[in-house]
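The residues making up each chain are set out below.
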Amino acid sequence: MREKLLNINELAVHFKLEEGIFKAVDGINISVGKKETVCLVGESGSGKTLTALAVMRLIPKPGFIAGGEVLFLGQDLLKVQEEQMREIRGARVSMVFQEPFTCLNPVYTVGDQIGESVDLHIGLKGLQKKTRVLEVLQLVGISDATRVYGAYPHELSGGMRQRVMIAMGIVSEPDLLIADEPTTALDVTIQAQILELLAALKEKLSLSILLVTHDLGIVNETGDRVYVMYSGRIMESGPKKDIFSGTKHPYTEGLLKSVPDLGPVKNRLYTIPGSIPEPLKVPGGCRFHPRCPYVMDICREKEPAETKFNGEHSAWCFRYGK
Ligand code: SF4
């Protein structure tokens, strides 16, 4: 049995809008084991980034965590004092975002910015601090660490900036790194390099990674287990090989067909018809039913319960269960 690092139980993130309550994350369960890469995949607007932000307790207003638990090594992060959460954030759990340029401060050098994390989370000063920053820059594959140490963010390429963000994320050797679309803004070659880097860091630092992505191609490259999210709910979950070779849920099937090299339709772009429901317009029954090629009457009336397959593979769909 895999030792669990993170257990998200019945997490709900709601937004209070003028017209009503939007349930952006609607009671989901996710776990991440030690030294495991878990991918949370779905289209834009599915609630995956909000799930990641909820773990960090960084939900933007008017959003709020409406229920559930985020157990990190058995401690519920939703219940700890803000001061303690500040210590956990960055030191034990850290997050890397999609566009590093907007997260790095343009008026400070890379050395200053990573140094601040070293100071805050490890308490090193002066030369020791600088040594640690140079060490971590090398660890993320930056060969000219001394130059990058003194550079400003605008002097670096997109791929290099993402390496700097990852360096900042791992400088205090956290247990869990959350990476939110870490390669989306990068070209394909650099994307592959960043994924390789994350895989290497996982081994070297015994990291657990929660990778948020819209791209099943990336999941195929990097994940151990996968959660497929749609409109605030998990639709299918399981080990990567089961999700790819024994796909159960029609939504996962659609996502797979959208990746030309993975799906049965080669070299032709497929898109799932329709779009993700708008806030406050989430359909009743199975929320994927307006887009589902297999829709049945019951799908419009009731929400499907979990059906378990072999091992840890589950899907929420009336094609299998009641
Ligand atoms: Fe499609 Fe029905 Fe399954 Fe939903 S429950 S995915 S509508 S078949």
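Structural data are supplied above this passage.
Only a predicted model underlies this, so the values are computations on that prediction, with no experimental measurement involved.

Here the focus is the overall build of the protein chain. Within the protein chain, the secondary structure is distributed over 12 helices and 12 strands. Computed over the C-alpha atoms, the radius of gyration of the protein chain is 20 Å, within 12% of the 20 Å expected from 2.2 N^0.38 for a compact globule of 322 residues. Principal axes of the C-alpha set define a box for the protein chain whose edges measure 70 × 45 × 45 Å. Here the protein chain has roughly 15100 Å² of accessible surface; of this, 51% comes from carbon and sulfur atoms. Distance between charge centres in the protein chain, computed from 38 positive and 39 negative side chains, equals 3 Å.

Taken in spatial order, the four strands of this open sheet run 2-1-4-5, and their pairing is antiparallel. On the outer flanks of this sheet lie strand 2 (20-33) and strand 5 (75-76), each paired with one strand and no other. Strand direction decides the pairing type here: strand 4 (residues 63-72) and strand 5, joined by two bridges, are antiparallel. The partner of Leu 71 across the bridge, within strand 5, is Asp 76. Strands strand 1 (4-17), strand 2 and strand 4 of the sheet are contacted by helix 1 (residues 48-56), whose axis makes an angle of about 110 degrees with strand 1.

To continue, consider helix 4 (residues 110-122). Over its 13 residues, helix 4 runs 17 Å from end to end, which matches the ideal 18 Å to within 8%, given 1.5 Å per residue. Among all positions in helix 4, only Val 110, Gly 111, Gln 113, Ile 114, Gly 115, Ser 117 and Val 118 are buried. Just beyond helix 4, the residue with positive phi is Gly 123, at close to 80 degrees.

Position of Glu 181 among the secondary structure elements: in the loop between strand 7 (176-180) and helix 8 (188-205). Side chain to side chain, Glu 181 and His 214 meet in a polar contact 2.9 Å long. Once residues within four sequence positions are removed from consideration, Glu 181 is found in contact with Lys 48, Gln 98, Val 212, Thr 213 and His 214.

Before going further, it helps to spend a moment on the sheet that holds strand 10 (residues 233-239). With mixed pairing, eight strands are arranged side by side in an open sheet as 6-7-8-3-9-10-12-11. The open sheet is flanked by strand 6 (93-96) and strand 11 (306-308), the only strands paired with a single partner. On average, adjacent strands in this sheet sit at an angle of 20 degrees to one another, irrespective of strand direction. As judged from the two bridges shared by strand 10 and strand 12 (residues 314-316), these two strands associate in the antiparallel manner. Directly across from Ser 237, in strand 12, lies its bridge partner Ser 314. Together, strand 3 (37-41), strand 6, strand 7, strand 8 (208-213) and strand 9 (225-230) form the strand contacts of helix 1, whose direction differs from that of strand 6 by roughly 145 degrees. Helix 11 (residues 250-257) contacts strand 9 and strand 10 of the sheet and is inclined by roughly 105 degrees relative to strand 9.

What follows is about the packing of aromatic side chains. On inspection of all chains with the given rule, the structure shows five aromatic pairs. Centre to centre, the rings of Tyr 230 and Tyr 251 are 4.6 Å apart; their planes meet at 55 degrees, and the pair counts as tilted. Of the two residues, Tyr 230 sits in strand 9 while Tyr 251 sits in helix 11, which places them 21 residues apart along the sequence. Across this residue pair, the class does not change: Tyr 230 and Tyr 251 are buried. A connected cluster of aromatic rings, assembled from ring pairs, spans Tyr 230, Tyr 251 and Phe 288.

Once that is clear, we can look at the packing of helix 4 against helix 7 (residues 158-170). Where helix 4 meets helix 7, the closest approach of the two axes is 8 Å, and the angle between their N-to-C directions is 20 degrees. Viewed along their axes, helix 4 and helix 7 adopt a mutual orientation that is roughly parallel. In this structure, helix 4 crosses over helix 7, and the sense of that crossing is right-handed. Contact with helix 4, carried on its side by Val 110, Gln 113, Ile 114 and Ser 117, involves Val 164, Ala 167 and Met 168 of helix 7 and no other residues of that element. The residue makeup of the contact of helix 4 with helix 7, split by class, is five nonpolar, two polar and no charged.

Take the environment of Ser 94 next. Within the secondary structure layout, Ser 94 lies in strand 6. On a C-alpha basis, the gap between Ser 94 and Leu 176 in space is 6.5 Å, while along the polypeptide they are 82 residues apart. Within polar-contact distance, the side chain of Ser 94 engages the backbone oxygen of Gly 169 at 2.6 Å.

What follows concerns the nonpolar core. One finds Ile 114, Leu 137 and Val 164 to be the most contacted residues of the largest nonpolar core, which totals 58 residues. Residue contributions to this core peak at seven residues, all from helix 7. Counting 36 residues, the second largest nonpolar core, distinct from the first, contains Leu 50, Ile 59, Val 80 and Ile 234.

Another point: the side chain of Gln 113. Note on placement: Gln 113 falls in helix 4. A polar contact of 2.8 Å, which involves the side chain of Gln 113, links it to the backbone oxygen of Tyr 108. Leaving out residues up to four positions away in the same chain, Gln 113 has contacts with Leu 104, Asn 105, Tyr 108, Pro 153 and Met 168.

Cut-offs applied
- Residues numbered from 1 in each chain as written.
- Predicted model: local features only at pLDDT ≥ 70, side-chain atom pairs only at ≥ 80, totals over all residues.
- Heavy atoms only, no water.
- Helix = DSSP H or I, 4+ residues; strand = E, 2+ residues; numbered from the N terminus.
- Rg over C-alpha atoms; globule rule 2.2 N^0.38 Å.
- Areas by Shrake-Rupley, 256 points an atom, 1.4 Å probe, with all protein chains shown as cover.
- Lys, Arg positive; Asp, Glu negative; His and termini not counted.
- Charge placed at Lys NZ, Arg CZ, Asp CG, Glu CD.
- Pairing = 2+ DSSP bridges.
- Contact = heavy atoms within 4.5 Å.
- Axes fitted to C-alpha atoms, helices over the stretch in contact; angles between N-to-C directions.
- Expected span 1.5 Å × (residues − 1).
- Buried < 20%, exposed > 50% of the residue type's maximum accessible area, 1.4 Å probe, protein only.
- Polar contact = N/O pair within 3.5 Å; in protein donor to acceptor, adjacent residues only side chain to side chain.
- Phe/Tyr/Trp six-rings, centres within 6.5 Å; stacked < 30°, edge-to-face > 60°.
- Parallel < 35°, antiparallel > 145°, perpendicular 65-115°, else oblique.
- Left-handed = near helix turned anticlockwise from the far one by under 90°.
- Nonpolar A, V, L, I, M, F, W, Y, C, P; charged D, E, K, R; others polar.
- Core = buried A, V, L, I, M, F, W, Y, C linked by side-chain atoms within 4.5 Å.

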